[in-house]
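A look at the structure
Single-letter residue listing:
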Amino acid sequence: MNLSTHFKRSEFACKCGCGFSDINQHLIDVLEDVRGHFNAPVIINSGCRCEHHNRAVGGKPHSQHVLGNAADIRVKNVSPEQVANYLESKYTDKFGIGRYRAFTHIDVRETTARWGTNG
Ligand SMILES: [Zn+2]
Ligand SMILES: [Zn+2]
């Protein structure tokens, strides 16, 4: 089932196989914007996580992934740093953006959060 032009619900399903794939549509809009900005495929490393799977992968107890608000993404041929830079410039004082060496975390929480470095 397609959520949007470039994203399918299955891409966001919990990796444990439980079937949890209730991803926030607002996040999909953000990811479509990222795809359009870089004109490159966006790969979803991790989307929805049930409580059990979130614990298994060492996620924070109240992770936005458990709420279906978050995705860890890579953009083909674009560094995670560039992706994070773009998101932070586009969504000033909004959302959660986490910098990791191999991917960028983005979530559509109501508050603002920033963490991690690409150094
Ligand atoms: Zn699960
Ligand atoms: Zn994440």
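The structure we're discussing is the one just above.
The following refers to the structure shown. Note that the structure is predicted; figures quoted are calculated from it, not measured.

Calculation criteria
Residues numbered from 1 in each chain as written. Chains lettered and ligands numbered in written order. Predicted model: local features only at pLDDT ≥ 70, side-chain atom pairs only at ≥ 80, totals over all residues. Helix = DSSP H or I, 4+ residues; strand = E, 2+ residues; numbered from the N terminus. Buried ≥ 20, exposed ≤ 12 C-beta atoms within 10 Å, placed from the backbone. Core = buried A, V, L, I, M, F, W, Y, C linked by C-beta atoms within 7 Å. Contact = placed C-beta atoms within 7 Å. Pairing = 2+ DSSP bridges. Axes fitted to C-alpha atoms, helices over the stretch in contact; angles between N-to-C directions. Arc of directions from axis to C-beta.

Turning our eyes to something else, we now look at the environment of glycine 36. Secondary-structure assignment places glycine 36 in helix α1 (residues 25-38). Residue glycine 36 is classed as exposed on the basis of its 12 C-beta neighbours within 10 Å. Sequence spacing of glycine 36 and cysteine 14 is 22 residues, and the spatial spacing of their C-alpha atoms is 25 Å.

What follows covers unusual backbone geometry. For asparagine 77, which is not glycine, the phi dihedral falls at a positive 65°. Within the secondary structure layout, asparagine 77 lies in the loop between β2 (70-75) and α3 (80-90). Look at asparagine 77 and you get exposed, because 9 C-beta atoms sit within 10 Å. One non-glycine residue, phenylalanine 95, adopts positive backbone phi at about 65°. Position of phenylalanine 95 relative to the elements: it lies in the loop between α3 and β3 (96-99).

Attention now moves to the nonpolar core. Counting 23 residues, the largest nonpolar core has Leu31, Ala71, Ile73 and Ile106 as its most contacted members. Beyond its immediate sequence surroundings of up to four residues, leucine 31 is in contact with Phe7, Val42, Ala71 and Ile73.

With that out of the way, let us pick up the sheet that holds strand β1 (residues 42-46). Hydrogen bonds between backbone atoms are what pair the strands of a sheet, whose relative direction is either parallel or antiparallel. Strand order in the open sheet made by the five strands is β1-β2-β4-β3-β5, with mixed pairing throughout. Of all the strands in the sheet, the pair left with one neighbour each is β1 and β5 (113-115). Adjacent strand axes in the sheet meet at a mean angle of 25°, parallel and antiparallel pairs treated alike. Along the sheet, α1 makes contact with β1, β2 and β4 (104-107), crossing β2 at roughly 10°.

A few words on α3. All of the buried residues in α3 are Pro80, Val83, Ala84 and Leu87. Projected down its long axis, α3 carries its buried residues within an arc of 95°, all on one side. For α3, the elements touching its buried residues are α1, β2, β3 and β4.

Judged from the four bridges that link them, β1 and β2 form a sheet pairing that is antiparallel. Bridging across to β2, isoleucine 43 finds its partner in arginine 74.

A few words on the environment of aspartate 107. Looking at the element boundaries, aspartate 107 is found in strand β4. For the pair formed by aspartate 107 and glycine 68, sequence separation is 39 residues and the distance between their alpha carbons is 8.8 Å. Setting aside anything within four residues of it in sequence, one finds aspartate 107 in contact with Gln64, Asn69, Ala70, Phe95 and Gly96.

None of this, on its own, says anything about what the molecule does.
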